[in-house]
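In case you want the letters, here they are:
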Amino acid sequence: MSEALQTAIASQRLLLQTRLSAALSRLQRPCREAWGDRAALEQALSEAMEMLPYCKYLYLLDHQARQITANVARRGLLPEHFDRDRTSRPYMAEALSGTDFSLSSAYLSRNNRRPSLTAVQRLTRSDGELLGYLGADFDLRDLPLTRELCRQSDQWLQLKGDPAIRGALFYQQRVDSLMDSRIDAILDLVIELMSSHGVFHGKLHFSSSRATLWLLDDPYHFRVLDYEDLSDPAICLAYPLRAYPDDAAIPSARIRAIFNQFRELRFMDENIYLRSGSLNIMNGLVALNFSCDGSHYMRWDEFLDKRMDFWLGSAAPTCSESEKPKPAD
């Protein structure tokens, strides 16, 4: 998991832990006072649901983590959960080891298969003797999170592809596609669409001779252009004329250099070559997929700084597991 995602998740967990710890701590006293009386405990939990509007289930366990109440839900009691042994559930590990309050990692619930969390509060007598545990289950959809959008990191990311493709890399060679035969004219056309017709994300599939485009005017729907579409300059008439966005991360004057680099990578070697490349002018990222099925994601300026000897030398580092076969004696 990327550092940006880890940071975003950690921030949300810290917020939840603070809120849930305080809420469950307030339930210790009514639970202690009613301990041993199932009906009174279930009544206390039912009343507590009013203080936890985002809680899915509340329940109580004895000191051996066996359930001594029904699951208390907003719609009423679920008695079928009474007497469940929860000792083996992952969310009980910290509580059983002595932690006063614990918040589980996210998991998929058994019944609804939805991302969930469980908070567990240890319950003790005034002298410290362990009574049992208060459990609270939460559906991630319902939790009071800030829901801040996680920003995609612009650090160079390399991903290895299908091992079967990497292993056979040097037993295959690039075959000229229809797009290869008219690559200069097609690149000119795509550059025009991105510079003046509102295309903010474009992906060129060189091997299959097609392009996938996303437009500022309609970002939720992508367009697929085949070889015939990409070969006809009249295609520009189908897309509105738009000024290049002021908040684009890539200067419009640099788009041509990026696509020229795509062209060089496409023809750089008979075995290691670019299969598809994409450019997003708003986040400034370039994505590359090579013949070995390895993928790279990097900032546009970092991409332009790489020379051909980099890709062929230390090269498509995601292709480097393959070894070129030696000629027979």
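In case you missed it, the structure is sitting above this.
Residues numbered from 1 in each chain as written. Predicted model: local features only at pLDDT ≥ 70, side-chain atom pairs only at ≥ 80, totals over all residues. Heavy atoms only, no water.

Draft legend 1. Seen up close, the overall build of the protein chain. Secondary structure assignment for the protein chain yields 11 helices and 14 strands. Of all 329 residues assigned to the protein chain, the portion counted as buried reaches 45%. In the protein chain, once contacts between residues fewer than 6 apart in sequence are set aside, the share between residues at least 24 apart is 57%. Accessible surface, the protein chain as shown: approximately 17700 Å² in total, 49% of it carbon and sulfur. (Helix = DSSP H or I, 4+ residues; strand = E, 2+ residues; numbered from the N terminus. Buried < 20%, exposed > 50% of the residue type's maximum accessible area, 1.4 Å probe, protein only. Contact = heavy atoms within 4.5 Å. Areas by Shrake-Rupley, 256 points an atom, 1.4 Å probe, with all protein chains shown as cover.)

Draft legend 2. The arrangement of the packing of aromatic side chains in detail. Under the criterion given, the structure shown has 7 aromatic pairs. Ring centres 5.3 Å apart and planes at 75 degrees place the aromatic pair Phe259 and Phe262 in the edge-to-face group. With Phe259 and Phe262 both in helix H9 (residues 255–266) and 3 residues apart, the pair spans about one turn of that helix. Across this residue pair, the class does not change: Phe259 and Phe262 are buried. Grouped by ring-pair contacts, the aromatic residues Phe259, Phe262 and Phe303 constitute a single cluster. Lying over the aromatic face of Phe82, Arg38 brings its terminal NZ or CZ to 4.0 Å of the ring centre. (Phe/Tyr/Trp six-rings, centres within 6.5 Å; stacked < 30°, edge-to-face > 60°. Lys NZ or Arg CZ within 6 Å of the ring centre and 35° of its normal.)

Draft legend 3. Quick look at the packing of helix H7 (residues 183–196) against H9. In the contact formed by H7 and H9, the axes pass within 10 Å of each other and the chain directions differ by 150 degrees. Between H7 and H9, the angle falls in the class roughly antiparallel. For the pair H7 and H9, the sense of crossing is right-handed. Where H7 approaches H9, its residues Ile183, Asp184, Leu187, Asp188, Val190, Ile191, Met194 and Ser195 are matched on the opposing element by Ile255, Arg256, Phe259, Arg263 and Arg266. (Axes fitted to C-alpha atoms, helices over the stretch in contact; angles between N-to-C directions. Parallel < 35°, antiparallel > 145°, perpendicular 65-115°, else oblique. Left-handed = near helix turned anticlockwise from the far one by under 90°.)

Draft legend 4. Representation of the side chain of Asn71 in the model. Relative to the assigned elements, Asn71 resides in strand S2 (residues 71–73). For Asn71, the side chain forms a polar contact with the side chain of Gln67, separated by 2.7 Å. Of the polar contacts made by the side chain of Asn71, one reaches the side chain of Arg86; its length is 3.4 Å. Leave out the neighbours within four places in its chain, and Asn71 touches Tyr57, Leu58, Tyr59, Gly76, Leu77, Leu78, His81 and Arg86. (Polar contact = N/O pair within 3.5 Å; in protein donor to acceptor, adjacent residues only side chain to side chain.)

Draft legend 5. Highlighting H7. If you check H7, its first and last C-alpha atoms are 20 Å apart, about what 14 residues at 1.5 Å a residue would give, namely 20 Å. Within H7, the full set of buried residues consists of Ile183, Ile186, Leu187, Leu189, Val190, Ile191, Leu193, Met194 and Ser195. Just downstream of H7, Gly198 is the residue with a positive phi angle, here 80 degrees. (Expected span 1.5 Å × (residues − 1).)

Draft legend 6. Structural detail: the environment of Leu131. Within the secondary structure, Leu131 sits in strand S7 (residues 130–139). Distance in space between the C-alpha atoms of Leu131 and Arg32 is 8.0 Å, their sequence separation being 99 residues.

Draft legend 7. A look at empty space enclosed by the protein. Tallied over the full model, the rule gives 1 cavity of 30 Å³ or more. Approximately 30 Å³ is the volume found for the largest cavity. Looking at the largest cavity, the residues that line it are Met194, Ser195, Ser196, His197, Gly198, Val199, Leu216, Arg242, Ala243, Tyr244, Pro245 and Ile281. In terms of residue count, H7 provides more of the lining of the largest cavity than any other element does, 3 residues in total. Partitioning the lining of the largest cavity into residue classes produces 7 nonpolar, 4 polar and 1 charged. (1 Å grid on protein atoms, 1.4 Å probe; cavity = no way out; pocket = protein on both sides within 12 Å on 5 of 7 lines; lining within 4 Å. Points joined across faces, edges and corners; volume = space filled by probe spheres on them. Nonpolar A, V, L, I, M, F, W, Y, C, P; charged D, E, K, R; others polar.)

Draft legend 8. Molecular detail of the nonpolar core. Counting 45 residues, the largest nonpolar core has Phe259, Leu288 and Phe303 as its most contacted members. The biggest single contributor to this core is H7, with 8 residues. Not counting the four nearest positions on each side in its chain, Leu288 is found in contact with Phe262, Leu265, Leu274, Ser276, Gly294, Ser295, His296, Met298, Phe303 and Trp311. Counting 27 residues, the second largest nonpolar core, distinct from the first, contains Leu20, Leu45, Leu58 and Leu143. (Core = buried A, V, L, I, M, F, W, Y, C linked by side-chain atoms within 4.5 Å.)

Draft legend 9. Structural detail: the pattern of salt bridges. Counted under the stated rule, the structure contains 15 salt bridges. Among the ionic pairs, Asp139 bridges to Arg114, the shortest N-O distance being 2.6 Å. With Asp139 in strand S7 and Arg114 in the loop between strand S5 (107–108) and strand S6 (115–124), the pair connects residues that are 25 residues apart, well separated along the chain. A residue is classified by how much of its surface remains accessible, and Asp139, at 4% relative accessible area, is buried. Arg114 gets classed as partly exposed once you look at its relative accessible area, which sits at 23%. Connected through salt bridges with shared partners, the residues Arg174, Asp176, Asp180 and Arg266 form a single ionic network. (Salt bridge = Lys/Arg side-chain N within 4 Å of Asp/Glu carboxyl O.)

Draft legend 10. Up close: the pairing of S6. Within S6, 9 of the 10 residues are buried, which leaves the element mostly enclosed by the surrounding structure. Note that strand S4 (residues 101–103) and S6 share 3 bridges and pair antiparallel. When the sheet's bridge partners are listed, Ser102 is paired in S6 with Val120. Sheet topology note: the S5/S6 ladder contains 2 bridges and is antiparallel. By the bridge assignment, Tyr107 is partnered in S6 with Ser116. Hairpin remark: S5 followed by S6, antiparallel, with 6 residues in the connecting loop; positive phi at Arg113, about 55 degrees. Between S6 and S7, which follow one another and run antiparallel, lie 5 residues, and Gly128 among them has a positive phi close to 95 degrees. (Pairing = 2+ DSSP bridges.)

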